[in-house]
Structure formats: structure tokens, C-alpha cells
Amino acid sequence: MSVLKIGGMSCRQLAEQFGTPLCVYDEEKILSQARAAVENFRSDMFDTEVAYASKAFSSIGLFGMLAAEGLGFDVVSGGELYGAMKAGVDMDKVYFHGNNKSDDEIRMALDAGVGYFVIDNVMECGRIVKLAGEAGRRTRALLRINPGISAHTHEYIMTSKPDSKFGIYIENTEHINRVIDELAADDNVELAGFHSHIGSQIVDVASFEKALGTMIGFLGSLKRSRGLDGMELSIGGGFGIKYVAEDHPVSLGDMCADMIRCAEEAAKAEDVKIAKLITEPGRAMVGEAGYTLYTIGDMKKSGDKNYIFVDGGMSDNIRPALYGAEYDAVLPEKYDEEPAISYCVAGKNCESGDVIIGDIKLPEVKSGDLLAVVSTGAYGYSMASNYNRLGRPAVVMVKDGEPRLIIRRETYEDMYALETENQA
Ligand SMILES: *Cc1c(COP(=O)(O)O)cnc(C)c1O
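This report concerns the structure included in the present document. What you see is a predicted model; the values in this text were computed from it and never measured.

Attention now moves to the overall build of the chain. In terms of helices and strands, the chain carries twelve helices and 23 strands. Relative to a compact globule of 424 residues, whose C-alpha radius of gyration would be 22 Å, the chain shows 23 Å and is just as compact. Along the three orthogonal principal directions, the C-alpha set of the chain runs to about 70 × 55 × 40 Å. When burial is assessed residue by residue, the chain has 51% of its 424 residues classed as buried. Excluding contacts between residues fewer than 6 apart, the proportion of contacts in the chain whose partners are at least 24 apart in sequence is 70%. Carbon and sulfur atoms make up 48% of the accessible area of the chain, which totals about 18600 Å². A gap of 1 Å separates the mean positions of the 43 positive and 65 negative side-chain charges of the chain.

If you want it as C-alpha cells, here you go:
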């Protein structure tokens, strides 16, 4: 009988040693994604940087691993920044994103010496300038531009509407000029360049080519209108991964190589000098490397549905409930058996929408079997909650058959540790 192993270790061994539900990462898969990105995102024309978008899954252990591969990091809050600081990553390679950074977060980032603030709007620009002045700190900034393109999976759409929550719309010259002027007049915050991010789970290259063309066209017009050249350009993340059989994403390495080629051509055509091109993969770095192991508990037939209940649910993976995300799963100990029966995989949280997989064909399931949901490494643990006071799962990295617990399982005590009243 063949069994599914993750990082060289059987799922049963993992479940016995760490319990379920359990988030398991195949460390080699993360490392090979990081290396594919860094190796393919290189140019003779400009500097390059791969910054991991840490919201996909942030942990101090992971930060350390990726920093060792030469990656930089996107953070979106003081909490993510704190993790990066704890991991001792090079702050010069940290990009502080977010559309409503608080004054405290900005001060924290200035004190930490983050390399870049990614400015969202005119008001924030004013606050960063003021706070950098008060702190006597010098820093760099990228201005987030909404290029009027949005993409998800196969096709981009030209959203000629300037109503996104993020960034300044590309045709809003008035606001863009206000940021450029304010930073030109300031000694502390230098405008290093621009940023755009068009969406997530994008599986084709055309969307990124379109975004690059638009943004480099924008740089060309700034050079002609304002004499600005030699800017840095961050093209964001959003590279799709394989969740289910119908997904056919372009590999991260190929995406990176294509973006470099496309940026080089566009820079020549627009006659602009790009100082540095930055990309920010999140999902593609960790998504396919992650698995969630559950133990199947009770099973029941309800109407025409065969429910199998797992010992977690939307509290460890909210994506199906949140936006109808689809997942695939296997029975790791019946790996070579033919799928025979259609099941609905539901969790133990108190919501009808607490379903991990609505309909999946599996070999005949018995209570006590393990179920491995695949490609749960991104936006799973990072979106996990304590809903129904279920503890968050433990997280384990496995390499060469050796597991490393990087986040321990949340205990009842952990969950109530913040409460201040009426403790018996
Ligand atoms: C979310 C996000 C990313 C990463 O997106 P993925 O789909 O996980 O690759 C990168 N940059 C910005 C600004 C983001 O908001």
C-alpha cells in the first residue's frame, strides 16, 4: 500500500507526533520556489528583488528561512513587521505596505529602519513626512499606483474605474503630483519609485505583461513630463497556484523570467531607466508546499449528502466560506485506492458554510482515517481564528523525513490568556 509522505515523513507519523488538525509544510518545496524566483528574476539592465508577501503565511521561522535565500519581505502591519524584526531580517529589504498605517506603526517602522514605505495616498504621505521629520529618520518610499487593471485567474479586466481601496488611480495626476512634490521638497523621505499590484491567483502571463506595460508607460510619461528617471518599480505579486485539477498555473520561475523580459523590452521602448524591479510573491511561495492534516470523526448522510466531519474547519481554513475557494484532498493512507464515493468535507465550526470541500470523490472513508487537504499553505493559517474557541493548529516544517515544530498548537490557556476578569 502506498502512502502520502510530506517531506519524507508519513502523514500518520506526523499526526501521531503532533496531533491533528496540523499544518504541514514541505520545506524543500518552499526553498525551491524561493530559488526559482530569485534565479529567474534577474536582469543585466536593472537591479532586482524578490520580496515575500508575508501575509500569505508569516512566521519567524519562515522569515529566517527565506531571508537566508536572499529574499526581502512585504509587511502590512506592525504585527507582521514585529515578526520580521524578531527573525532578524535585513530591514533594508522590508517594504511596509498597507492603506491605513497608524502613526504608531509608522514610528515603529521608522525606528526599525525599514527600507521602504509603500505610500497609499496623499494623506498618508503627509503623515510619513511629518513623523520621519519628528523622528529625524531618513527612509525611502514607493507610491502605490492603481493602474486600472485588475486580474483574477485567467483574464485581466481594464477597470477604468478609479474606485479601488488601494493606491492612487493612474490618471489622478493631481494626487500623484502632490506626492511627488511633497517628497521632492522633503529631506527625510525619498521617492524611490512606484508600486502596483493587480490581484491574486493569476495564472496567465498576459495580466502581468499588461500591468508592466502600463506601469512602465507611466514611468515614461513621468520622465517626459517631470524629468523623473531611474525609478524603482514594484510589480506586486498575485501568481496563481494549483489548488484543483482544473488549475494550470504558469510556474513562478517562468512568470519571473517573463516579467524580466517584458520589463526590459518596455523600458527600452519607453526609453526609461529602471533602477530596480521588485516582485512580491506570497501565495506562490508557500501555497503548494502546505497541507492540512485532519482526522475524520463522525460521518453521516443528510439528504443526499455524505458528510465526513473533520477536526478543524473554517477556523483553520476560511477561504472556502469566505470566497468559495476550492480545494483537493487525499486519504494519505489510501493513496493508491480508486476514488469511489462522493463526500462533503465539513468542519466542526457552528456555521452551515463551514465546508472545506463541497463535493469530492474519495476511496471509501472510515472514521479515524486521515485526510490531507492539499495546497493550504497560503492564507490558511494566516487567516485562522479562534472561532468557537478552537485552538489554532500546530505548524510543522518537514525536510528529509525530519519534522520541525515551528508553531506549537494553541492551548485553552493560550486562548484565554488575554482575559482579565473573573478568573476562577
Ligand atoms: C497580497 C499582496 C501580495 C501577494 O499576493 P499573492 O497573491 O499572495 O502573491 C503582494 N503585494 C501586495 C501589495 C499585496 O497586497
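Residues in close proximity to the ligand total 16 residues, the closest being Lys55, Ser200, Glu280, Arg283 and Tyr379. Contact distances for the ligand include 2.4 Å between an oxygen atom and a side-chain N or O atom of serine 200. Tyrosine 379 is positioned with one of its side-chain polar atoms (N or O) 2.6 Å from an oxygen atom of the ligand. Surface burial for the ligand is 93%, taken as the share of its 390 Å² of free accessible area covered by protein chains.

This part covers the packing of aromatic side chains. The tally for this structure, following the rule as stated, stands at nine aromatic pairs. With a centroid separation of 6.0 Å and 90° between ring planes, the pair formed by phenylalanine 57 and tyrosine 381 is classed as edge-to-face. In this pair, phenylalanine 57 sits in the loop between β4 (47-53) and α3 (60-68) while tyrosine 381 sits in the loop between β21 (370-374) and β22 (394-399), placing the two residues 324 residues apart along the sequence. Take phenylalanine 57: its relative accessible area is 1%, and that puts it in the buried class. The class of tyrosine 381 is buried, set by a relative accessible area of 17%. Aromatic side chains phenylalanine 96 and phenylalanine 117 sit 5.9 Å apart centroid to centroid with 45° between the ring planes, which places their arrangement in the tilted category. You can see phenylalanine 96 sitting in strand β6 (residues 94-96) and its partner phenylalanine 117 sitting in strand β7 (residues 116-119), a full 21 residues away along the chain. Of the two residues, phenylalanine 96 and phenylalanine 117, neither departs from the other in class, the shared state being buried.

Let us look at the packing of helix α4 (residues 78-86) against helix α5 (residues 103-112). In the contact formed by α4 and α5, the axes pass within 10 Å of each other and the chain directions differ by 20°. It follows that α4 is roughly parallel to α5 by the angle criterion. Handedness of the crossing formed by α4 with α5: left-handed. For the pair formed by α4 and α5, the contact residues are Gly78, Leu81, Tyr82 and Met85 on the first element and Glu105, Met108, Ala109 and Ala112 on the second. Here the residues of the contact of α4 with α5 sort into six nonpolar, one polar and one charged.

Before going further, it helps to spend a moment on helix α7 (residues 173-184). One full turn of an α-helix is made of 3.6 residues, so residues set three or four places apart face in the same direction. Compared with an ideal rise of 1.5 Å per residue, which puts twelve residues at 16 Å, α7 spans 16 Å between its outermost C-alpha atoms and is within 8% of the ideal. All buried positions along α7 are accounted for by Ile176, Val179, Ile180 and Leu183. Along the long axis of α7, the arc covered by the buried residues comes to 95°, so they all point the same way. Summarising the contacts, the buried residues of α7 are in contact with β7, α6 (122-135), β8 (139-146), β11 (168-169), β12 (189-195) and α8 (206-226).

The next point concerns α6. The end-to-end C-alpha distance of α6, which contains 14 residues, comes to 20 Å, matching closely the 20 Å that a straight helix rising 1.5 Å per residue would cover. Of all the residues in α6, the buried ones are Val122, Glu124, Cys125, Ile128, Val129, Leu131 and Ala132. Elements in contact with the buried residues of α6: α5, β7, β11, α7 and β12. The N-cap of α6, judged by a side-chain oxygen 3.1 Å from the amide nitrogen of methionine 123 a few residues on, is asparagine 121. Remark: glycine 136 follows α6 within two positions and exhibits a positive phi of approximately 60°.

All right, on to unusual backbone geometry then. In this structure, proline 21 follows threonine 20 across a cis peptide bond, with omega equal to -5°. Tracing the chain through its elements places proline 21 in the loop between α1 (11-18) and β3 (22-26). One non-glycine residue, glutamine 201, adopts positive backbone phi at about 55°. By secondary structure assignment, the location of glutamine 201 is in strand β13 (residues 199-202). Owing to a relative accessible area of 6%, glutamine 201 belongs among the buried residues under this scheme. One non-glycine residue with positive phi stands out, namely asparagine 388, at about 60°. Positionally, asparagine 388 belongs in the loop between β21 and β22.

Criteria and cut-off values
Counting starts from 1 at the beginning of each chain's written sequence and moves along it residue by residue. In keeping with the model being predicted, local features are shown solely for residues with a pLDDT of at least 70 and side-chain atom pairs are shown and tallied solely at 80 or more, while totals for entire chains, interfaces and linings include all residues. Heavy atoms throughout the structure, all of them, feed into the side-chain values; hydrogens and water do not. Counting from the N terminus, the helices are DSSP H or I runs at least four residues long and the strands are E runs at least two residues long. The globule rule is 2.2 Å times the number of residues to the power 0.38, and the radius of gyration it is compared with is taken over C-alpha atoms. Relative accessible area decides the class of each residue, using a 1.4 Å probe on protein chains only: under 20% of the type maximum gives buried, over 50% gives exposed, and in between gives partly exposed. Whether two residues are in contact is decided by their heavy atoms: any pair within 4.5 Å suffices. Accessible surface area values rest on a Shrake-Rupley calculation with a 1.4 Å probe, where residue burial reflects the displayed protein chains alone. The charged-residue count follows a simple rule in which Lys and Arg add positive charge and Asp and Glu add negative charge, with His and chain termini not counted at all. Charged side chains are reduced to one point each, which is NZ for Lys, CZ for Arg, CG for Asp and CD for Glu. The criterion for a residue being near a molecule or strand is simple. One of its heavy atoms has to lie within 4 Å of it. N or O atoms closer than or at 3.5 Å make up a polar contact, with two conditions inside protein: a donor-capable atom paired with an acceptor-capable one, and, for residues adjacent in sequence, both atoms drawn from side chains. Only Phe, Tyr and Trp rings are paired, with Trp represented by its six-membered ring, and only when their centres lie within 6.5 Å; those with planes under 30 degrees apart are stacked, over 60 edge-to-face, the remainder tilted. Note on definitions: angles span 0 to 180 degrees between N-to-C directions of axes, and those axes are lines fitted to C-alpha atoms, for helices only across the stretch in contact. In this scheme, roughly parallel covers angles under 35 degrees and roughly antiparallel covers those over 145, while 65 to 115 is roughly perpendicular and the rest are oblique. Here a crossing is taken to be left-handed if its near helix is turned anticlockwise relative to the far helix by less than a right angle, and right-handed if that turn runs clockwise. As a working rule, the residues Ala, Val, Leu, Ile, Met, Phe, Trp, Tyr, Cys and Pro are called nonpolar, Asp, Glu, Lys and Arg charged, and the rest polar, with Gly in that last group. Each residue after the first adds 1.5 Å to the expected span of a helix. It is the directions from the helix axis to the C-beta atoms that the arc portrays.

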